[in-house]
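A structural walkthrough
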Amino acid sequence: MNALTPEEFVKKHDGFDYVIIGGGTAGLVVAARLSEDPDVTVGVIEAGSYHINDPLIDIPGYFGRAIGNPAYDWAYSTTPQKHVNDRLLFQPRGKMLGGSSGLNFMTTGRASKEEYDAFEAVGNPGWNWDSLLGYFKKSENVHTADKDVHSDRHNANFDPSVHGTNGPIHKSFAPWASDLSIPFFDTLEELGVQRNRDAASGHASGSYTILSAVDPATAKRSYAASGYYAPNVNRPNLVVLPSAHVTKLILTGTGEPYTVSGVQFTVAGSDKAYEVKATREVILSAGAFGTPQLLELSGIGKREVLERVGIEVKIDLPSVGENLQDHVYVLSTYEISNKLTTLDLLRNPERHKAETQLYEQAAKGMYSCTHSAFGFLPAGVIASPSEIARMKREIHNDSNLEVNESLKKQKALLEAWLDDQKHPQIELISYPVRGLFPFYSYKRKLRASSGTFLFVSQGFFPIPGKTPRPGSHYHTVVTILMHAMSRGSVHITSASPFDKAAVDSNYLANKVDRDLLVHGVRFVKKLHDTGPLKNVTVGYVEPAWRVDAGGEDGGVSDEELGEYVKNGLEPICHPAGTAAMFPREEGGVVDPRLKVYGTTNLRVIDASVIPIHVAAHPTATILAMAEKAADIFKADARA
């Protein structure tokens, strides 16, 4: 990257055809595709830096270590969460070229076909599985290894018709996998969860290993910056300005539809405001938190939110910042036989040193890996038919999902999906480890209205106050809610672009969300009390099941488990839906061409436009949506 001053950026090409706000997961996809035409100029403004050859980003086994560090992370926190015992919950978001695709845990799954078809069903023609499949394939370069390795260790058998092999993002299976993977898969199968040999085919339920965004040739993370930007860094018509903070969209006109003529921004270490022109379009890709904030700062949003902070209302769009959805998790930990090879071995300094050398010299070993094994479970696996019927009534009676037509449509889908085997409600991730690793710690105080709390990032997941016993090995299972019934919001609380928006995720506002997690945690216990996993399980750690109580409930009531969920719940950090793609009159912010209502040339493409969340880690979905968006923008420019 050739360093530019902000003055040079503003004068470059006397403005740009397209100005993209946010060089993250979606923004860099669109930038790369639009700039394929040498006659089209593209300027990208990114608040973070470009991290080249950075081990905290590149090394798969270091995932999580950059979280909380302001050099990489916006480090949001929620407002006190009323239904989670007023806890403040940490919300990392990537602040770098590549965005959260450079901060996440490199999981690249897809949801079921029907969940993408739902995008179209709620009012967005052309947004469905069939239209997105080609873009999933376009974005990826899937590397297949020895068939026996795939079939046995990784529980996979590829359907080449649904995978791409020439795209910018490399995907592969890790060369190292824990001894726990096969017992995990075998036990799930014994409990009715079948092996899914290729979950990318549009059928997401079952057990499998998900491809990781790792280039097997280098054993390094493959993400938007390395895949979409680095190969195109020398294009003269693609110009990126890092470490620059967009403060406002410049709207021209006397009423709707407004035209966004440019963008106002500042750079780190300076109070000076700069303006860059956009001759065609401005594309907003600031993420599920940043996008609604910038819309509101520019006078686009809910009238009462804008007037409260003294911002003139240009376009009254009440749903900006609403419809916030996320995936949340709780942990369960079991001690297992120390004859199994797990990542707990890395607590030994000598093993840590040996594995580091193995990675550096051969791109193999424990540090070449991310996750081990996954299960995506329909509600029928974890709950009885009568319990599912009760939860469906709870959803049906939730008046919070009746506020507008877009929510009513979501409610109907969520109710129908609850007893549909094609729609996983709970995800399980098998982590062969307990607690955190002692090689790196980034501590950051996060302030909120009720005080401060300390977030510590050392890779993997914290279990506060729990120290692993020397020589012991563990199995931590992450139980994740895939289709939350609760909806939150993201709104500005001042007119300053440097004050973070208030993130009120409203976790567990609908009781069904808590109930599903309780059922999920109980199922994890059942998993360790069954067949192959039972044979290697030494004891319970968390939750504190009462060993002598007998019975399937483990001596712990649903009310007690509900408190365990509320005290241990954390976001898996997949926020979406805050500038949702719905008809305007139903509560939408953008139309199916991703244009903000009330404007002629303002587009949004990032997770905020997702109308209803999918049962998958969203990076692959966002990449595919951004690929499709680029084609939409090109087609509209030709029209």
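The preceding data block contains the structure.
Below: a short report on this structure.

Procedures and definitions
- Residues numbered from 1 in each chain as written.
- Predicted model: local features only at pLDDT ≥ 70, side-chain atom pairs only at ≥ 80, totals over all residues.
- Heavy atoms only, no water.
- Core = buried A, V, L, I, M, F, W, Y, C linked by side-chain atoms within 4.5 Å.
- Buried < 20%, exposed > 50% of the residue type's maximum accessible area, 1.4 Å probe, protein only.
- Helix = DSSP H or I, 4+ residues; strand = E, 2+ residues; numbered from the N terminus.
- Contact = heavy atoms within 4.5 Å.
- Salt bridge = Lys/Arg side-chain N within 4 Å of Asp/Glu carboxyl O.
- 1 Å grid on protein atoms, 1.4 Å probe; cavity = no way out; pocket = protein on both sides within 12 Å on 5 of 7 lines; lining within 4 Å.
- Points joined across faces, edges and corners; volume = space filled by probe spheres on them.
- Nonpolar A, V, L, I, M, F, W, Y, C, P; charged D, E, K, R; others polar.

All right, on to the nonpolar core then. If you look at the biggest cluster of nonpolar residues, it comprises 187 residues, and the most contacted ones within it are Leu249, Phe265, Leu428, Leu569 and Ile605. A per-element tally of this core places helix H18 (residues 619–638) first, with 9 residues. The residues touching Leu428, leaving out its near neighbours within four places in the chain, are Phe184, Leu188, Ala373, Phe374, Gly375, Leu377, Val477, Val478, Thr479, Phe523, Val524 and Leu527. Counting residues in each nonpolar core, the second largest holds 7 residues, with Ala288, Phe289, Ala501 and Val503 among its members.

Of all 10 residues making up helix H2 (residues 25–34), 10 are buried, and the element is well covered by its neighbours. Within H2 the residues assigned to the buried category are Thr25, Ala26, Gly27, Leu28, Val29, Val30, Ala31, Ala32, Arg33 and Leu34.

Attention shifts here to helix H7 (residues 181–190). Inspection of H7 places Ser181, Pro183, Phe184, Phe185, Thr187 and Leu188 among the buried residues, and these make up the whole buried set. Buried positions along H7 lie against strand E7 (206–208), strand E17 (373–377), strand E18 (426–431), strand E21 (473–481), helix H15 (511–528) and helix H16 (531–536). A positive phi of about 100 degrees marks Gly192, the residue just after H7.

Scanning all chains against the criterion turns up 33 salt bridges. The closest approach of N and O atoms between Lys422 and Asp420, which form a salt bridge, is 3.2 Å. In this structure, a network of salt bridges that share partners links the residues Glu387, Arg390, Glu394, Lys511, Arg514 and Asp515.

On to the layout of surface pockets. Once rolled over the atoms, a probe with the size of a water molecule shows which space is left empty. Roughly 430 Å³ of volume is contained in the second largest pocket. Looking at the lining of the second largest pocket, its residues break down into 8 nonpolar, 12 polar and 5 charged.

Limitation: the analysis is restricted to geometry and does not speak to function.
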